[in-house]
Amino acid sequence: MKKLIIILLFLFAVGPVANAQNEVLFNKATEAYNKAKYSNAIELYTKILNNGKHSSELYFNLGNCYYKLDEIGLSIYYYEKALLLNPTDQEIKNNLAYAENMRLDAISTVPKTFMARVHDQAVGLLNYNQWGYLAIVFVILFVLCYIVYYLLSASTQKRIAFVTSIIALILCVSSLFLGYLNLQDYKKDNPAIILKREITVKAEPNKKSESLFALHEGTKVNIEATLDSWKKIKISDGQTGWVEQNVLKSLKDF
């Protein structure tokens, strides 16, 4: 019991210190970026990542640094990671679009049905954590309205409080459901970004197999399977093939 208390006290003491150190590093990195010292800024931002701190702002700034250095693959990689954490941020979307315009590959996308597009737009509006936070807000609103319903005496006010509580409950359940769908989509997919200037996609997981097509830096793929040091990938037009694992980086890597 004493050991547990000591550990908890240590964590409470170390937490604020670590946050303060990360904040100092973040400010220094931003200052370096403003002075066009992009490599120095990357080094400082990476130190924050190594400290276990992850945020859309951090990934976004890393994306900006790599974009300034014309490293399009890594800039797209970090913009995509920022977008995973904050899918509604328009600035991230804009910068990602600029970086994607510098890619060499223009791959068509397999058309989706109307229902699939509606699903993607609704479920992808927020990430699963944000849907969870929204559900908590609606739960609190439901409880408050339900309490007010019992405290009020006027029939009109009671009716308004009751209807509002029911709406809040429905929105809470809807948020939980959309968050669940978003989490399932996240688990199902394993997106990655090609980081090499140019690669050749093979028909089988070995260097001597038939070459199918070429891909270039910054192209987004989905990892379908892994075999030794090879990854089976699928691109947006439906084509599949094998590449060596060192040519790409999964967006789920931390």
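For the structure itself, look to the data block above.
None of the values given here were measured: they were computed from a predicted structure.

The rules behind each value
Residues numbered from 1 in each chain as written. Predicted model: local features only at pLDDT ≥ 70, side-chain atom pairs only at ≥ 80, totals over all residues. Heavy atoms only, no water. Helix = DSSP H or I, 4+ residues; strand = E, 2+ residues; numbered from the N terminus. Expected span 1.5 Å × (residues − 1). Buried < 20%, exposed > 50% of the residue type's maximum accessible area, 1.4 Å probe, protein only. Axes fitted to C-alpha atoms, helices over the stretch in contact; angles between N-to-C directions. Parallel < 35°, antiparallel > 145°, perpendicular 65-115°, else oblique. Left-handed = near helix turned anticlockwise from the far one by under 90°. Contact = heavy atoms within 4.5 Å. Nonpolar A, V, L, I, M, F, W, Y, C, P; charged D, E, K, R; others polar. Patch = residues over 30% accessible without salt bridge, like charges linked within 9 Å, V, L, I, M, F, W, Y side chains within 5 Å. Areas by Shrake-Rupley, 256 points an atom, 1.4 Å probe, with all protein chains shown as cover. Salt bridge = Lys/Arg side-chain N within 4 Å of Asp/Glu carboxyl O.

S.K.: Quick question: what am I supposed to make of helix 3 (residues 56–68) here?
M.R.: Over its 13 residues, helix 3 extends 18 Å from the first C-alpha to the last, a length consistent with the 18 Å expected when each residue adds 1.5 Å. Of all the 13 residues making up helix 3, 10 are buried; the element is thus mostly covered by neighbouring parts of the structure. Among the residues of helix 3, S56, L58, Y59, F60, N61, L62, G63, N64, C65 and Y66 are the ones counted as buried. Downstream of helix 3 by one or two residues, D70 has phi in the positive range, about 60 degrees.

S.K.: Where do I start with unusual backbone geometry in this structure?
M.R.: Negative phi values dominate among residues other than glycine, just as trans dominates among peptide bonds. One non-glycine residue with positive phi stands out, namely A36, at about 65 degrees. As for its position among the elements, A36 is in the loop between helix 1 (2–34) and helix 2 (38–50). Here the phi dihedral of D228 falls at roughly 55 degrees; this positive angle occurs in a residue that is not glycine. In this fold, D228 is placed in the loop between strand 4 (220–227) and strand 5 (230–234). For D228, a relative accessible area of 70% corresponds to the exposed category.

S.K.: Can you walk me through the packing of helix 4 (residues 72–85) against helix 5 (residues 90–100) in this structure?
M.R.: Packed helix pairs are specified by the crossing angle of their axes together with the interaxial distance, meaning the distance between the axes. Interhelical geometry of helix 4 versus helix 5 gives an angle of 155 degrees and a closest axis separation of 9 Å. On the basis of their axis angle, the class for helix 4 and helix 5 is roughly antiparallel. Where helix 4 crosses over helix 5, the two elements pack in a sense that is left-handed. Between helix 4 and helix 5, the residues in contact are I72, S75, I76, Y79, E80, A82 and L83 and I92, K93, N95, L96, A99 and E100, respectively. In the contact of helix 4 with helix 5, the residues fall into eight nonpolar, two polar and three charged.

S.K.: Explanation requested: the environment of L44 in the structure shown.
M.R.: Here L44 lies in helix 2. In this structure the C-alpha to C-alpha distance between L44 and D70, which are 26 residues apart in sequence, comes to 19 Å. If we ignore the near neighbours within four places in the chain, the residues touching L44 are L25, K28 and A29.

S.K.: In this structure, what is going on with a nonpolar patch on the surface? I would like to understand it.
M.R.: On the surface, a cluster of nonpolar side chains totalling about 730 Å² of accessible area is made up of Y146, Y150, F162, V163, I166, I167, I170 and L171. Only helix 7 (128–151) and helix 8 (155–188) provide two or more residues apiece to the nonpolar patch. No other element matches the six residues that helix 8 contributes to the nonpolar patch. With respect to the helices, strands and loops of the structure, I167 is situated in helix 8.

On their own, these measurements won't tell you what the molecule is for.
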